[in-house]
Structures are given as C-alpha cells and as structure tokens.
Amino acid sequence: MFTQSELKAQVAQAAVEFVLPRLQLSSVLGVGTGSTVDLFIDAIAVHKHLFNGAVSSSERSTRRMQKLGINVYDLNKVESMVWYVDGADEINSELEMIKGGGGALTREKIVASVAEHFLCIADDTKEVAVLGDFPLPIEVIPMARESVARQLRMLGGEPRLREGFTTDNGCQILDVAGLRIAQAKEFEEQINNMPGVVCCGLFALKGATTALIASQTGIVQRESPAA
Ligand code: 5RP
C-alpha cells in the first residue's frame, strides 16, 4: 500500500513527465500551491533549463521555486501561459474542483485564468461524486465577513472563520461546511456576486482541462468533458 504522501510524489513526477514535452525554452509555467505542488516544484526544478520560468500563486511556492533556482515572474509581466499546474481538495468527474485548503485560492484562480490549460494533480482521496464534503473556502474582505456568512447560512452552509489565518492578500477565509454542490457553476456565480467576497474556492466556471489522479493501481489521466 502506498501512503498518501507517496501517491502525491508519484503524481508530481507524472505531472513533470506530462508537462515537460509541452513546454518550450520560452515557456512560463503557472504553478499552484500545496503539498502536492511542493513535490512538483522539487521534481521540475531539475529541468529548469528546459523552460523560461514560472508565475507563482503564493508566497510559499515563490520561496520554494526561488530557492531551487527557478525564475519567478510577476504575472503583470507575462502575456500568455500555456499550462497551470495545481492540486485540489476535491475534484468531480467534470473536473470541477474545490480548492483553497492551503489558503491560496485567489492567486490560484488569477494565475489559472491566464493559462490556456489547467493540469490538476491529486491522489484519488480527492475524487468525489458531488463537491462539498470538504468545507468550501471563501476569501472575504474582513469587514464583510459577517454579512457574507449570513448569506451563506441562508444557502444552507455552515461558515466558520479560519482562525489566526490571513491570506497573502491580507484577507480572511470562511470555510463553509454542510454544502452539497450539485450545480457548481451556478453556485460559484452566486457566491462571486456577494459583496465582500474576494474569491470562492469553487473552480467550476473554469475547471481543470486535464487531471492526473494517483491511486494504488497507478496514475489515471482524465480530460474535461467540456474540453
Ligand atoms: C491550496 C490548494 C491546494 O491545491 C489544495 O489544498 C490541495 O493541497 P494538497 O496538495 O496539500 O493536498 O488549493 O490553496
């Protein structure tokens, strides 16, 4: 039996093998955040001479990449990006995801929005039929925390402030339990429309293009039905 950490390392290596042939010397790669991505950064750093550099979705990933000698660019200086690689907290068969367990959801969504393709890397504990068992992270402007929380309660959620945590953008996170998100795109739009919401951890309006999922029997590649 492989441990979850071993599965994460396997899928990180598979992501390097997937993405490298798709990169050119001039390519800038979008890089997400989390323990799976940490392993991806370690594995791709060996090949840093084969691509130009990366745009990072967090201070954590920036520090790790810079330490390993990967050029990290300001997104404002990058016009296009073909691939964005990131993990997920939950992923369904449509390749819609809940993200933000590590608190980097806003920058992740920004960088992913610029990339043509999103490669999700995860172990099979993240696969679900319906999103929502993992509490949905929502980044909020601090003064709007309670008004957003009230609206989320009206939608059947149980929001809880992530205590002692401030995002890279100086905001707070509400983790919303008790949701069963069957219509993820509509739900994401509804939350995006609440004043004071900076970012919703649902990645459904723009989900993953491709997912590599590690299980005890190997790595499976899934493609978005929308692609
Ligand atoms: C961070 C994220 C991560 O991708 C998600 O939490 C998965 O993390 P891990 O690879 O550590 O399981 O969205 O904001």
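Residues numbered from 1 in each chain as written. Predicted model: local features only at pLDDT ≥ 70, side-chain atom pairs only at ≥ 80, totals over all residues. Heavy atoms only, no water.

Engineer: An account of the sheet that holds strand β9 (residues 158–161) is requested, with residue identities and associated values reported.
Structural biologist: Taken in spatial order, the four strands line up as β9-β10-β8-β11 in an open sheet, and their pairing is antiparallel. Each edge of the sheet is formed by a strand with only one pairing partner; in this case those strands are β9 and β11 (197–200). Taking the axes of each pair of neighbouring strands and ignoring which way they run, one obtains an average angle of 30 degrees across the sheet. Pairing geometry for strand β8 (residues 136–140) and β11, over three bridges, is antiparallel. In the strand pairing of β11, V140 is matched with V197. Sheet strands touched by helix α5 (residues 145–154): β8, β9, β10 (172–177) and β11. Its angle to β10, the strand with the most contacts, is close to 15 degrees. (Pairing = 2+ DSSP bridges. Helix = DSSP H or I, 4+ residues; strand = E, 2+ residues; numbered from the N terminus. Axes fitted to C-alpha atoms, helices over the stretch in contact; angles between N-to-C directions. Contact = heavy atoms within 4.5 Å.)

Engineer: Before we move on, can you summarise the layout of surface pockets with the specific residues and values?
Structural biologist: Taken as a whole, the largest pocket holds about 240 Å³ of empty space. Taken together, 14 residues line the largest pocket, and the ones lying closest to its centre are S56, Y73, D74, L75 and R107. Those elements that place two or more of their residues in the lining of the largest pocket are β2 (53–56), α3 (59–67), β3 (72–73) and α4 (105–114). The dominant element in the lining of the largest pocket, judged by the number of residues it contributes, is α4, at three residues. Split by residue class, the lining of the largest pocket holds six nonpolar, five polar and three charged. (1 Å grid on protein atoms, 1.4 Å probe; cavity = no way out; pocket = protein on both sides within 12 Å on 5 of 7 lines; lining within 4 Å. Points joined across faces, edges and corners; volume = space filled by probe spheres on them. Nonpolar A, V, L, I, M, F, W, Y, C, P; charged D, E, K, R; others polar.)

Engineer: Help me get a handle on the site of the ligand, residues and values and all.
Structural biologist: Around the ligand lies a shell of 17 residues, among which S35, T36, D89, G100 and K126 are the nearest. The side chain of S35 places a nitrogen or oxygen atom 2.5 Å from an oxygen atom of the ligand. G87 places a polar main-chain atom, nitrogen or oxygen, 3.3 Å from an oxygen atom of the ligand. Across the complex, the protein chains shield 91% of the 380 Å² of accessible surface that the ligand would expose by itself. Among the residues making up the shell around the ligand, the classes are represented as two nonpolar, nine polar and six charged. (Near = heavy atom within 4 Å. Polar contact = N/O pair within 3.5 Å; in protein donor to acceptor, adjacent residues only side chain to side chain. Areas by Shrake-Rupley, 256 points an atom, 1.4 Å probe, with all protein chains shown as cover.)

Engineer: So what's going on with a nonpolar patch on the surface? Residues and values would help.
Structural biologist: A cluster of nonpolar side chains, I141, M143 and V198, forms an exposed patch at the surface whose accessible area comes to about 310 Å². Tracing the chain through its elements places M143 in the loop between β8 and α5. For M143, a relative accessible area of 79% puts it in the exposed group. (Patch = residues over 30% accessible without salt bridge, like charges linked within 9 Å, V, L, I, M, F, W, Y side chains within 5 Å. Salt bridge = Lys/Arg side-chain N within 4 Å of Asp/Glu carboxyl O. Buried < 20%, exposed > 50% of the residue type's maximum accessible area, 1.4 Å probe, protein only.)

Engineer: So, the pattern of salt bridges: which residues are in play, and what are the values?
Structural biologist: All told, the structure shown has 11 salt bridges when counted by the stated rule. Across the pair D86 and K99 runs a salt bridge, and its minimum N-O distance is 2.8 Å. Here the residue D86 occupies a position in strand β4 (residues 81–86), and K99 occupies one in the loop between β6 (97–98) and α4, the gap between them amounting to 13 residues. We note that D86, like K99, is buried. Across the pair E188 and K109 runs a salt bridge whose closest N-O atoms are separated by 2.7 Å. Of the two residues, E188 sits in helix α6 (residues 184–192) while K109 sits in helix α4, which places them 79 residues apart along the sequence. Residue K109 is classed as buried on the basis of its relative accessible area, which comes to 19%. When salt bridges that share partners are traced, they join D38, D42, R60 and R64 into one network.

Engineer: Give me the state of the cysteines: which residues, what numbers.
Structural biologist: If you walk through the whole model with that rule in mind, you get zero disulfides. Between C120, a free cysteine, and C199, which holds the nearest cysteine sulfur, the sulfur-to-sulfur gap is 16 Å. Classification of C120 as buried rests on a relative accessible area of 0%. Left without a disulfide partner, C199 is nearest to the cysteine sulfur of C200, which lies 6.8 Å away. (Disulfide = S-S within 2.5 Å.)

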